[in-house]
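Listed below are the residues making up each chain.
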Amino acid sequence: MIVPAAPGMERELKRLWLISFQEESRPISLFFRMVYRPQNCLVYLFHGKVASAVHLLPCSVQLGGGHTAQAHYIYAAATFPEYRGKGLMASLLAYAALYGAAHGQMYSLVLPASDSLYAFYEAAGYLPFFQLDMQTASAHELSAFSSPSKQKVRQVPAFAQLTRVRNNVLRNRTGSALWTADALFYAERSARLYGGGLLSAGSSAAPSYALCSGGKECAVTEWIAKPSDRPALLRLLLDRVPSKSYRFRFPAGMQPPVPDLPVQRQPFGLIKPLSCAELPAVETNALPYLGMTLD
């Protein structure tokens, strides 16, 4: 039986997450404190016990003419080991499409956890759709394009302002995923757990930003920066999140952090139209961007 999660299921849902993704307890606790809503989680009950679950995080999709459509993002889809291979997740995804459509959503979005899962989601009706550009650079290579002196770290602008900046960048990229300020706030708090955070440079009215995590290779999971703000933002990144190398993700075709280094374009997520919705029309010079403030 598939039903929305009920109060009191949180303990089992956390255990499912821990077993399936082998993640530390702090990120799990952060999600359930900041994001989790029972009505946005579908569970497959097997003999009355949680056997499988998927979270449907509300978002929207950019349409032509400045319009948007409600959508959900498939997150933390998992099944307890003893119930795998029984088709539970396929049933959950089919139910999620009906559930989303009944709540006014026109699209379902997903970023598979591994390349091998793309075929599974395609069998469930999802279509390869989103793309992004990636670039990897050493600290020395970034330094050549950064401001020569240390930048003063100023307070991060309001997340509502950053969300407007992000949405404006994606306004002409039909099919792109749009997130709320709360989602960006959660992504920033999550990045902090991994030694990173959100860095901002430029004017307070239209700031540029980098969302990143730390480590031997700093992962800049979202880079939204104007060329004029790039030197200051790179300097902040080098000073605040020191690393041997940096791996950037950004909308396809956007000017990369380091102009002279190669850029790799790759698929990055799938979409499924719900009910009678049509697939958003895509412009070849403005490819749809899923981004990932929530991966």
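Structure shown above.
Residues numbered from 1 in each chain as written. Predicted model: local features only at pLDDT ≥ 70, side-chain atom pairs only at ≥ 80, totals over all residues. Heavy atoms only, no water.

Peer 1: Please clarify how the sheet that holds strand S11 (residues 217–224) should be interpreted in this entry.
Peer 2: Hydrogen bonds between backbone atoms are what pair the strands of a sheet, whose relative direction is either parallel or antiparallel. Strand order across the open sheet formed by six strands is S9-S10-S11-S12-S7-S13, with mixed pairing between neighbours. Every other strand in the sheet has two partners, leaving strand S9 (197–201) and strand S13 (264–267) as the edge strands with one partner each. Neighbour-to-neighbour, the strand axes of the sheet open up by a mean angle of 30°, direction not taken into account. Contacts from helix H6 (residues 159–170) reach S9, strand S10 (208–213), S11 and strand S12 (245–251) within the one sheet, and its direction differs from that of S11 by about 75°. (Pairing = 2+ DSSP bridges. Helix = DSSP H or I, 4+ residues; strand = E, 2+ residues; numbered from the N terminus. Axes fitted to C-alpha atoms, helices over the stretch in contact; angles between N-to-C directions. Contact = heavy atoms within 4.5 Å.)

Peer 1: Before we go on, may I ask you to explain helix H7 (residues 181–192) in this structure?
Peer 2: For an α-helix, 3.6 residues make a turn, and residues three or four places apart therefore share a direction. The end-to-end C-alpha distance of H7 is 17 Å, a good match for the 16 Å that 12 residues give at a rise of 1.5 Å each. Within H7, burial applies to Ala183, Leu184, Tyr186, Ala187, Glu188, Ser190 and Ala191. Close packing links the buried residues of H7 with helix H2 (25–34), strand S4 (68–79), H6, S9 and S10. (Expected span 1.5 Å × (residues − 1). Buried < 20%, exposed > 50% of the residue type's maximum accessible area, 1.4 Å probe, protein only.)

Peer 1: Would you mind going over the side chain of Gln62 with me for this structure?
Peer 2: In this fold, Gln62 is placed in strand S3 (residues 49–62). Under the relative-accessibility criterion, Gln62 is labelled buried at 2%. Looking at Gln62, its side chain comes within polar contact range of the main-chain oxygen of His67, at 3.2 Å. Ignoring anything within four residues of it in the chain, the contact list for Gln62 reads His67, Thr68, Leu170, Arg171, Arg173, Thr174, Gly175, Ser176 and Leu178. (Polar contact = N/O pair within 3.5 Å; in protein donor to acceptor, adjacent residues only side chain to side chain.)

Peer 1: Please clarify how the environment of Phe120 should be interpreted in this entry.
Peer 2: For Phe120, the position within the fold is in helix H4 (residues 118–123). Of the residues examined, Phe120 reaches a relative accessible area of 31% and is grouped as partly exposed. Each residue touching Phe120, except ones within four places of it in the same chain, is listed here: Met89, Ala90 and Leu93.

Peer 1: Any chance you could explain helix H1 (residues 10–21) here in plain terms?
Peer 2: In a regular helix each residue adds 1.5 Å, so 12 residues correspond to 16 Å; H1 covers 16 Å between its end C-alpha atoms and thus fits that length. What H1 keeps buried is the set Leu13, Leu16 and Trp17. For H1, the buried positions fall inside an angular range of 100° around the axis, keeping them on one side. Residues of H1 that are buried in the fold lie against H2, strand S2 (41–46), S3 and S4. Just downstream of H1, Gln22 is the residue with a positive phi angle, here 50°. (Arc of directions from axis to C-beta.)

Peer 1: Help me understand the pairing of S10 in this model?
Peer 2: Along a regular strand, successive side chains alternate from one face of the sheet to the other. Burial analysis of S10 places six of its six residues in the buried class, which makes it a mostly covered element. Side chains Ser208, Ala210 and Cys212 project from S10 onto one buried face, and the interleaved Tyr209, Leu211 and Ser213 project onto a second face that is buried too. Pairing between S9 and S10: five bridges, direction antiparallel. Considered in S10, the bridge of Leu198 is made with Leu211. Hairpin connection, S9 to S10: the antiparallel pair is bridged by six residues, and Gly202 has positive phi, about 95°. In this sheet, S11 lies alongside S10 in antiparallel orientation, the contact comprising five bridges. Across the sheet, residue Ser213 finds its bridge partner in S11, namely Ala219. In sequence, S10 turns back onto S11 through a hairpin of three residues, with Gly215 there showing a positive phi of about 125°.

Peer 1: What should I look at first to understand the nonpolar core in this one?
Peer 2: General note: in soluble globular proteins, nonpolar side chains tend to be found buried as a group. Core analysis: the biggest nonpolar cluster contains 66 residues, and Leu13, Tyr73, Tyr107 and Leu109 have the highest contact counts within it. Broken down by element, the residue count for this core peaks at eight residues, all from S3. Excluding its chain neighbours within four sequence positions, the residues that come into contact with Leu109 are Cys59, Val61, His72, Tyr73, Ile74, Tyr126, Phe130, Ala177, Leu270, Ile271 and Leu290. By size, the runner-up hydrophobic cluster in this structure holds 33 residues, among which are Ile224, Leu236, Val241 and Phe250. (Core = buried A, V, L, I, M, F, W, Y, C linked by side-chain atoms within 4.5 Å.)

Peer 1: What am I meant to see in the packing of H1 against H2 here?
Peer 2: Helices that pack against each other are described as a pair by the angle of their axes relative to one another and the distance between those axes. The N-to-C vectors of H1 and H2 enclose an angle of 140°; their axes lie 10 Å apart at closest approach. The pairing of H1 with H2 is recorded here as oblique in orientation. Relative to H2, the crossing made by H1 is right-handed. Contacts from Glu10, Leu13, Lys14, Trp17 and Leu18 of H1 reach H2 at Ile28, Phe31 and Phe32. Across the contact of H1 with H2, the residue classes tally to six nonpolar, no polar and two charged. (Parallel < 35°, antiparallel > 145°, perpendicular 65-115°, else oblique. Left-handed = near helix turned anticlockwise from the far one by under 90°. Nonpolar A, V, L, I, M, F, W, Y, C, P; charged D, E, K, R; others polar.)

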